[in-house]
Protein chains: 2
Amino acid sequence: MNFKTYFPILDWGSRYNRQTFTSDLVAALIVTIMLIPQSLAYALLAGLPPEVGLYASILPLIAYAIFGTSSALAVGPVAVVSLMTATAVGRMAAEGTADYASAAIILALLSGAMLTLMGVLRLGFIANFLSHPVISGFITASGIIIATSQVGGLLGISTEGHALPGLLSSIIDNIGTINVYTVAIGALALGLLLWIRLDLKNWLARFGVPASIATVIVRAGPVLVVFLTMALAVLLDLGSKGVALVGDVPQGLPLLSLPSFSLDTIQQLLVPALIISVVGFVESISVAQTLAAKRRERISPNQELIGLGASNIAAGLGGGYPVTGGFARSVVNFDAGAATPAAGAFTAIGIAIATLLLTPFLAVLPKATLAATIVLAVLTLVDFSVLKRAWNYSKADFAAVAITLAGTLLLGVEVGIALGVGASILIFLYRSSKPHAAVVGQVPGTEHFRNVKRHQVETVPGILSIRIDESLYFANARYLEDLVTNLAAENPDLKDVVLMCSAVNFIDMSALESLEAVEHRLKDLGIRLHLSEVKGPVMDRLGETDFLRNLSGSTHLSQHQAIEAIRSARSAAGHDPDQKVHIQAVQQ
Amino acid sequence: MNFKTYFPILDWGSRYNRQTFTSDLVAALIVTIMLIPQSLAYALLAGLPPEVGLYASILPLIAYAIFGTSSALAVGPVAVVSLMTATAVGRMAAEGTADYASAAIILALLSGAMLTLMGVLRLGFIANFLSHPVISGFITASGIIIATSQVGGLLGISTEGHALPGLLSSIIDNIGTINVYTVAIGALALGLLLWIRLDLKNWLARFGVPASIATVIVRAGPVLVVFLTMALAVLLDLGSKGVALVGDVPQGLPLLSLPSFSLDTIQQLLVPALIISVVGFVESISVAQTLAAKRRERISPNQELIGLGASNIAAGLGGGYPVTGGFARSVVNFDAGAATPAAGAFTAIGIAIATLLLTPFLAVLPKATLAATIVLAVLTLVDFSVLKRAWNYSKADFAAVAITLAGTLLLGVEVGIALGVGASILIFLYRSSKPHAAVVGQVPGTEHFRNVKRHQVETVPGILSIRIDESLYFANARYLEDLVTNLAAENPDLKDVVLMCSAVNFIDMSALESLEAVEHRLKDLGIRLHLSEVKGPVMDRLGETDFLRNLSGSTHLSQHQAIEAIRSARSAAGHDPDQKVHIQAVQQ
């Protein structure tokens, strides 16, 4: 094996120079500033202490820098995976307990192991079964759930549940215990963050601040809000007024460690780990590919699996929780000019320093600030337009989106995505089980054959030409049997049937047996079966079968050759070869 | 709605005449003689008293004659469905108990209701998901299990279980309790039946017996064996020598009745009823279609569902158990000249008379005789050649057969078929998730485009033509993204990409979004995306989308037109249009 495929760092590392170093450093600085509040907030969303978010933003980034192939992907805690972690771990232990924290670590280790395995076994294609409609519906629903889950933090009331019904009812139940100070801090943070995102840049521009600097300030905005609200908490002694603060957190960096765990715990976390792995991978790979394409770079999906796998194992060893490539963060990293995965490593160092400096002060950070950060971050996830687009494009895809959306909102992330995947697979199977097929005739004066229902074409009496617009497999094999059998039953003076296979990409064994059945039935009626325009790979396979050996008719390179061959054979047999019937197209 | 579609009898009944009457009567007589021992035996296989087999051969045939569309299909108890009944009902009650019998009746009613519903809702396509490999593997495995389950009856020992391991171990456990008289009777019956099937016809021919009469005698053979062994049982007083006899059975015909049942019973039987319905339908429809085709007749799959549904409801009301169209019996019915479904009704009358005459004597019928009848009947089901054929044709199909075969033998009919269906769906999804696609070039001097790896073709520098040989949907959408993105990354001087869609039968929303992603990425690189040979239905759908509106390139009727258009556009832009590069085919 080639080391460079498994350790991309050996590849780009050998071409590393001062220039790439500088641009990586700049990007890392900006991403670090952006990542600090997010990592704290997402940890809270996952039901973990804020510092865990910082931990999950150190080692995983180093691991990805070694094994990852994308120069711009920024790995770390993300909203959706944090919610899924809370859902999975919440079933097994109460928030704040040691079991809860260690379950999150085990989840990261499991997901890391699965991703690595999928990468080594080249199983990246598994991710393909998360269709776009399912992902869109899932992300939107998750965004709504996450935002709702933070209402409690903004109002100073306690909520529970990881699906909409539970959350809403717990909000309503506790609405009486609102804390005005918390609401004030939450509103302030929310307002400031919103203003920073929407107006700050123009506002600075009015004061002649150059755009480049303005951008940096905007990115730093959320951190400033964090410091501001911390200051307020101290000055106004908000803690004593019932505002929930983060509280004391352990100093310094976590040591590499493995939690104690039981086989039972692992069994319970297997399925959630798998779902988190696939969802995280899909989210990550799509942003990585989009950014890579902009620079004509290539990323290897299977190596990405290994990269994310390593990151999650690192997250587990470093006292974190499941991570993946974040969308917003990666785009910032890209815009800031990250040139190699090293940018991620530098970000890790930045976060490590921040952790050392910040942890003493986190005690006085109001949770409402983090709630506000989350709400603002996930609002970008919510996008109902997909419903409309799906409706316009295809009702089937709309059904998939709607099922995933409703399922996730009402029953939670895991059931929701399972329903979505199941629905989209069934829809696809149903669709391909009723293949499009057309009786075709010759367009006068050409060698082209077209649907007799759509075009004015000529057909030869006694010859039936059927074009099949689908690969033939078990789900549509019987359909073909019915179609040909019924058409044959309708045409008593039929002598030859030609199957035009230009759009048949493979024929599985069920379809082969159906073709044999068709062949036998036609033979019983004294009708020959011919094939035309069979693709190379399909013909290679058919060549070895009795079906082709015993075929009553023959196979032809093109539909036109087939018709000509049959007609000349007939004239040889004394029939009139030239009789053609003009068919008026029956529009329908 | 048209009454004749739901009551086919109104159609053929109006054309009924003396001639069809005669041929129906003859066929009915032969089928009746054949059906008597089989119905007794299959009931025993289902763990029910033999007379229940007779009951299941009366009303269901009348019901099918009214609602069925096949003139030759002979409905009644069949081996595989009997085994499935035993499996399902055996979980809920002990053989011989009243609960067991009523559970079988409820199973028939449920399956009848499901089949009717599927027919009314036009859900016949559900049956398509039982692929040929799965059915073959399932039938063979069932045959083996059934034959093994009868060993006990032939040796006079008791066995239990509906999968191979349980059966074998119970045979080994009880091997000590063999009853020699039972073995003798069993061997005699088996030998006679075998001789009748293999030699009797020739033997009679030697005595100048005309073939037609010989055939009837051969068909009557099994009944004669029944009477012979009954006579022996009486003469030698086998009952007192430990030979298991059928024992007293209620006189006369059953009254229409409904068993008392609990919701719980129904819930437990829902899944088995569904599986029995689908398996029964598939078995029945395939033989019905094969026979119908021989006479250029048409059968309506959805009406067949209603016909079988009515039969099973009738079976439930008439004290029977699940029924379906039997293969061997239907062929006999067809050969004997059954002209309309009335033949089935006449058979029912024949069985009713037989029931009245036989039931007094059944008491002395050795069960070993029935066991022998079953063994001989199911040996025709066992066919391992499918394994070889599947192996030669496609390893994927082989996997489906092997999984179903092993699963059914080891884990029973229900788990086995579920595994098989799951496996074949996964195999299909995997196959279509890695679609065949080829970079194509122009065959010199023609308008044809072929795979550059298989043929010697010309390509125009800066133009990349990719032919996609698969419908585009979520499972392969990302594959397309990777393919085009990577090819683009490899060709720095690329200006135009043409997707040749001649084999693309539909594009689902995921694929559409992938195409948009491809379009954006290419645009970022200053590359235009073109489409060629897009099918009508696909184009209709794409027409309404932003993708087509914003397409950087254009769409062309044929690949050739696409290339010409691009080249002329270039020459207009001052490039040299005529440079072509000859590509030596790289065989691989």
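Quantities reported herein were computed from a predicted structural model and do not represent experimental measurements.

1. Side note on the nonpolar core
Of all hydrophobic cores here, the largest spans 126 residues; its most connected members are Tyr321 of chain A together with Val497, Leu499, Ile507 and Leu542 of chain B. When residues of this core are assigned to their parent elements, the largest contribution, 14 residues, is made by helix α13 (residues 263-294) of chain A. Among the nonpolar cores identified, the runner-up in size contains 124 residues, and Ala88, Ala147, Ala352 and Val401 of chain B belong to it.

2. Some points on helix α21 (residues 474-490) of chain A
Here α21 of chain A spans 25 Å end to end across 17 residues, near enough to the 24 Å set by a 1.5 Å rise per residue. Judged by how many residues are buried, α21 of chain A sits mostly within the fold: 14 of 17 residues are covered.

3. Notes on the UniProt feature "domain: STAS" (unreviewed entry) in chain A
UniProt annotation of "domain: STAS" (unreviewed entry) refers to residues 453-573 of chain A when read in the numbering used here. For residues 453-573 of chain A, the helix share is 49%, the strand share is 17%, and the end-to-end C-alpha distance is 31 Å.

4. What to know about the packing of helix α7 (residues 98-120) of chain B against helix α12 (residues 263-294) of chain B
All names here are of chain B. One can describe the packing of α7 onto α12 by two numbers: an axis separation of 8 Å at closest approach and a directional angle of 60 degrees. Regarding the angle of α7 to α12, the classification is oblique. Along this stretch, α7 crosses α12, giving a crossing that reads as right-handed. The segment α7 lies against α12, with Ala103, Ile106, Leu107, Leu110, Ser111, Met114 and Leu115 engaging Thr265, Ile266, Leu269, Leu270, Pro272, Ala273, Leu274, Ile276, Ser277 and Phe281.

5. Here we look at the relation of the copies chain B and chain A
Applying a rotation about an axis and a shift along it to one chain copy brings it onto the other copy. The transform that puts chain B on chain A rotates by 180 degrees and translates by 0.0 Å along the axis, for an RMSD of 0.1 Å. Interpreted geometrically, this transformation is the action of a two-fold axis. Relative to the rotation axis, the closest C-alpha in chain B is found at alanine 503 of chain B, a distance of 2.3 Å. Of all interface residues in chain B, 100% are interface residues in chain A too; the two copies therefore contact each other through one and the same surface.

6. Notes on the environment of threonine 159 of chain B
All names here are of chain B. Within the fold, threonine 159 resides in the loop between α8 (132-155) and α9 (164-174). A relative accessible area of 26% means that threonine 159 is categorised as partly exposed. Distance from threonine 159 to valine 223, taken between C-alpha atoms, is 26 Å for residues 64 residues apart in sequence. When sequence neighbours within four positions are dropped, the list of residues in contact with threonine 159 reads Ser149, Gly152, Leu167, Ser170 and Ile171.

7. Description of the environment of phenylalanine 125 of chain A
Secondary-structure assignment places phenylalanine 125 of chain A in the loop between α7 (98-120) and α8 (132-155). Residue phenylalanine 125 of chain A is classed as buried on the basis of its relative accessible area, which comes to 18%. Spatially, the C-alpha atom of phenylalanine 125 of chain A lies 8.9 Å from that of proline 301 of chain A, the residues being 176 residues apart in sequence. Beyond its immediate sequence surroundings of up to four residues, phenylalanine 125 of chain A is in contact with Tyr430, Ser433 and Lys434 of chain B.

8. A word on a nonpolar patch on the surface
The grouping of Leu59, Ile62, Leu256, Leu258, Phe261 and Leu317 of chain A at the surface amounts to a nonpolar patch, some 530 Å² of accessible area in total. Considering the arrangement of structural elements, one finds leucine 258 of chain A in the loop between α12 (211-235) and α13.

9. Concerning the confidence of the model for chain A
Residues and elements named next belong to chain A. When pLDDT is averaged along chain A, the result is 87; 97% of the residues meet or exceed 70. Here residues 584-588 is modelled with pLDDT under 50, and outside its nearest four sequence neighbours on either side it reaches 11 contacts, counting other chains as well. Predicted complex metrics record ipTM = 0.71 and pTM = 0.74.

10. Considering the domain arrangement of chain A
For chain A, the domain assignment lists domain 1 (16-401) and domain 2 (437-583). Computed over C-alpha atoms only, the centres of domain 1 of chain A and domain 2 of chain A are separated by 58 Å.

11. So, the pattern of salt bridges
In total, this model carries 24 salt bridges over all chains according to the counting rule given. Across the salt bridge formed by aspartate 383 of chain B and arginine 389 of chain B, the nearest N and O atoms sit 3.9 Å from each other. Given a relative accessible area of 38%, arginine 389 of chain B falls into the partly exposed group. Shared partners join several salt bridges into a network, and the residues in it are Asp383 and Arg389 of chain A together with Glu513 of chain B.

12. What to know about the packing of aromatic side chains
Counted under the stated rule, the structure contains 23 aromatic pairs over all chains. Aromatic pair phenylalanine 428 of chain A and phenylalanine 474 of chain B: ring centres 6.3 Å apart, planes at 75 degrees, arrangement edge-to-face. Of the two residues, phenylalanine 428 of chain A is situated in helix α20 (residues 413-433) and phenylalanine 474 of chain B in helix α20 (residues 474-490); the pairing between them involves two chains. Overall, phenylalanine 474 of chain B belongs to the buried group, its relative accessible area being 5%. Ring geometry for phenylalanine 21 of chain B versus phenylalanine 346 of chain B: centroids 5.6 Å apart, planes at 80 degrees, classification edge-to-face.

The rules behind the values
- Note on numbering: residues in each chain are counted from 1, in written sequence order.
- The naming scheme follows written order: chains are lettered A onward, ligands numbered 1 onward.
- pLDDT decides what is reported in this predicted model: residues at 70 or higher carry local features, side-chain atom pairs at 80 or more are listed and counted, and totals for whole chains, interfaces and linings draw on all residues regardless.
- Processing note: side-chain calculations cover all non-hydrogen atoms of the structure and skip hydrogens and water entirely.
- Only buried residues count toward a nonpolar core, which is a set of Ala, Val, Leu, Ile, Met, Phe, Trp, Tyr and Cys residues joined through side-chain atoms within 4.5 Å.
- Note on classification: 1.4 Å probe, protein chains only; a residue is buried when its accessible area is under 20% of the maximum for its type, exposed when over 50%, partly exposed between these limits.
- By definition, any uninterrupted DSSP run of H or I lasting at least four residues is a helix, any uninterrupted run of E lasting at least two residues is a strand, and each is numbered from the N terminus.
- Take the number of residues in a helix, subtract one, and multiply by 1.5 Å to get its expected span.
- UniProt positions are given in the numbering used here, feature names are shortened, and annotations may be inferred rather than shown by experiment.
- To get an axis, fit a line to the C-alpha atoms, keeping to the stretch in contact for a helix; angles then go from 0 to 180 degrees between the N-to-C directions.
- When an angle is under 35 degrees it counts as roughly parallel; over 145 it counts as roughly antiparallel; between 65 and 115 it counts as roughly perpendicular; any other value is oblique.
- Helix crossings get a hand from a simple test, with the near helix turned counterclockwise from the far one by less than a right angle marking a left-handed crossing and a clockwise turn marking a right-handed one.
- By definition in these notes, contact holds between two residues if any of their heavy atoms fall within 4.5 Å.
- For this overlay, a least-squares fit was computed on C-alpha atoms, restricted to residues scoring pLDDT of at least 70 in both copies.
- Surface patches are defined over residues having more than 30% relative accessible area and no salt bridge, joining like charges when they lie within 9 Å and nonpolar side chains (Val, Leu, Ile, Met, Phe, Trp, Tyr) when within 5 Å.
- For accessible areas, the Shrake-Rupley method is used with a probe of radius 1.4 Å. Any residue's cover is judged against the shown protein chains and nothing else.
- Any Lys or Arg side-chain nitrogen located within 4 Å of an Asp or Glu carboxyl oxygen qualifies as a salt bridge.
- Every residue gets a pLDDT, meaning the predictor's confidence in that residue, from 0 to 100.
- What marks off one domain from the next here is an automatic or database domain assignment.
- Here is the rule: rings of Phe, Tyr and Trp (six-membered ring for Trp) pair when centre to centre is within 6.5 Å. Planes less than 30 degrees apart are stacked, more than 60 are edge-to-face, and the remainder are tilted.

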